[in-house]
Amino acid sequence: MGFFDKLFGKNKKKEETIIEEVEKQEEEKLQEEEKNNEKIIDEKKEIEEKEIIINKREDIIKEKIEKESVEKNEGFFASLKEKLFRTREGLFGKIKNIFSGRTVIDEELYEELEDLLIQSDIGMDMTVKIVNALEKEVKSRGIKDPTEIYSILKEVMSRFLIDGDNELDIREGELNVILVVGVNGVGKTTTIGKVAKKLKNSGKKVIIGAADTFRAAAVEQLEEWGKRANVEVIKKEEGSDPGAVVFDTIQVGLDKKADVVIIDTAGRLHNKNNLMKELEKINNIIIKKLGHSRYESILVIDGTTGQNGLVQAKVFNEATRLTGFIVTKLDGTAKGGIVFSISEEIKKPIKYIGVGEKIDDLREFNTKDYIEAIFD
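None of these values were measured; they are calculated from a predicted model.

Asks: Explain the pairing of strand β5 (residues 296-302) to me, using residue names and the numbers behind them.
Replies: Of all 7 residues making up β5, 7 are buried, and the element is well covered by its neighbours. Judged by which residues are buried, β5 turns out to be covered on both faces: Glu296, Ile298, Val300 and Asp302 on one side and Ser297, Leu299 and Ile301 on the other are all buried. Bridging between β5 and strand β6 (residues 324-328) involves 5 bridges; their strand directions are parallel. Paired with Val300 across the strands is Ile326, a residue of β6. Handedness of the β5-helix α11 (residues 307-319)-β6 crossover: right-handed.

Following this line, the structure appears as structure tokens:
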């Protein structure tokens, strides 16, 4: 074999060796890629399986939460029905009975209904509005069976309750003021304490101002509630200027970056002029300190006082810019019609209703729940 043959033979062998190595490397590379792809597929599959498990867990948790929420609401509603037992079984039990056992819808039926509504503390004007609206509704629907009227009455009466703005207007990032007014004995001080505790429990920083300086018991009660709710109470000695307490309370609230300031004010109706002057002064202090007039002014009314509560509402509504009401002691009356009178006459929403002594017995007012609780 010649030199060139040997040379080319060696080069050819070397070339084949190189090609074999390259092919081997490529094959190994392909195998590695396949392994990686399989690994990726396995990891993806594992992730998908984990996601399925997580989603199932989330669905189970969501279902559990929804179930607990429904049970809680059902329990809350059932509790409200129990609390309003006297009203439901008293007045509205009697109203329901007048529609049963009758064969015709006549004037006598409506007159009997009027009498019962007036007895319920709804008042003459409110009663006339309700009965007139009911008669129109019965005629427009062509109702002939008296037993069907009760459910229509339920719809009609619900329309006379202000539905909306029932929650306190509490805004984030600023000091919110709740001015609370009401005569002695309506449960004003206790209600303030309960509202403060509710707000505190919801994570708000709350300060109470004891501006009812002419009644020592009010300050002592507020201090006790302050301890229970772990909130600060601003006070001065008995007989001090209420306006000064209001000023100091708001200033402390601003300095300490509080979320809510609740101010307890006196309510002495025996001198309407003095009441109006005092509340006007307090309102001016609040507006000046806040720089705006956007604050809650709530009147507390005893639900057992009947039409006297409506008189109070009218007087206080003249004296101050009321934004709503809290009606207390509704668990202790078989009437409860004052709720409708106040809502319709003053055109302000009911924020809370009191149906017992416990803190949870101060309920956020909901028209639908209230109507169902007293009519069912």
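Asks: Quick one: what's the story with the pattern of salt bridges, residue by residue and with numbers?
Replies: Pairs can form between side chains of opposite charge once their charged atoms are near each other. A full pass over the atoms with the stated rule returns 20 salt bridges. The closest approach of N and O atoms between Arg141 and Glu137, which form a salt bridge, is 3.0 Å. Overall, the relative accessible area of 17% leaves Glu137 in the buried class. With a closest N to O distance of 2.5 Å, Lys235 and Glu223 form a salt bridge. Highlighted residues: Lys235 in the loop between β3 (232-234) and α9 (242-255) and Glu223 in helix α8 (residues 216-229), separated in sequence by 12 residues. In this structure Glu223 comes out as partly exposed when scored by relative accessible area, which is 26%.

Asks: Report on the nonpolar core, specifying residues and quantitative values.
Replies: Where a protein is soluble and globular, its nonpolar side chains tend to be buried together. Counting 97 residues, the largest nonpolar core has Ile95, Ile262 and Tyr370 as its most contacted members. Leave out the neighbours within four places in its chain, and Tyr370 touches Leu80, Leu84, Leu161, Leu330, Gly336, Val339, Phe340, Ile353 and Phe365.

Asks: Break down the side chain of Ser343 for me, citing the residues and quoting the values.
Replies: Mapped onto the secondary structure, Ser343 falls in helix α12 (residues 338-346). One polar contact links the side chain of Ser343 to the main-chain amide nitrogen of Ile162, over a distance of 2.7 Å.

Asks: Can you lay out the packing of aromatic side chains for me, pointing to particular residues and giving the numbers?
Replies: A complete count under the given rule lists 4 aromatic pairs for this structure. On the basis of an interplanar angle of 55° and a centroid distance of 6.3 Å, the ring pair of Phe99 and Tyr150 is categorised as tilted. A residue pair is termed long-range when its members are at least 10 positions apart, and Phe99 in helix α3 (residues 91-99) and Tyr150 in helix α6 (residues 149-159) qualify at 51 residues. Per residue, the accessibility class of Phe99 equals that of Tyr150, and both read buried. Here the aromatic rings of Phe365 and Tyr370 are separated by 5.5 Å at their centres, their planes lie at 50°, and the arrangement is tilted. As far as burial versus exposure is concerned, Phe365 and Tyr370 are alike and both buried. One aromatic cluster in this structure is built from Phe99, Tyr150 and Phe375.

Asks: Can you tell me about a negative patch on the surface, naming the residues and giving the values?
Replies: Together, Glu107, Glu108, Glu111 and Asp115 line one region of the surface with negative charge. Tracing the backbone through its elements, the reader meets Asp115 in helix α4 (residues 107-119).

Rules and cut-offs
- Residues numbered from 1 in each chain as written.
- Predicted model: local features only at pLDDT ≥ 70, side-chain atom pairs only at ≥ 80, totals over all residues.
- Heavy atoms only, no water.
- Buried < 20%, exposed > 50% of the residue type's maximum accessible area, 1.4 Å probe, protein only.
- Helix = DSSP H or I, 4+ residues; strand = E, 2+ residues; numbered from the N terminus.
- Pairing = 2+ DSSP bridges.
- Right-handed = clockwise from strand over helix to strand, strands pointing away.
- Salt bridge = Lys/Arg side-chain N within 4 Å of Asp/Glu carboxyl O.
- Core = buried A, V, L, I, M, F, W, Y, C linked by side-chain atoms within 4.5 Å.
- Contact = heavy atoms within 4.5 Å.
- Polar contact = N/O pair within 3.5 Å; in protein donor to acceptor, adjacent residues only side chain to side chain.
- Phe/Tyr/Trp six-rings, centres within 6.5 Å; stacked < 30°, edge-to-face > 60°.
- Patch = residues over 30% accessible without salt bridge, like charges linked within 9 Å, V, L, I, M, F, W, Y side chains within 5 Å.
- Areas by Shrake-Rupley, 256 points an atom, 1.4 Å probe, with all protein chains shown as cover.
- Lys, Arg positive; Asp, Glu negative; His and termini not counted.
- Charge placed at Lys NZ, Arg CZ, Asp CG, Glu CD.

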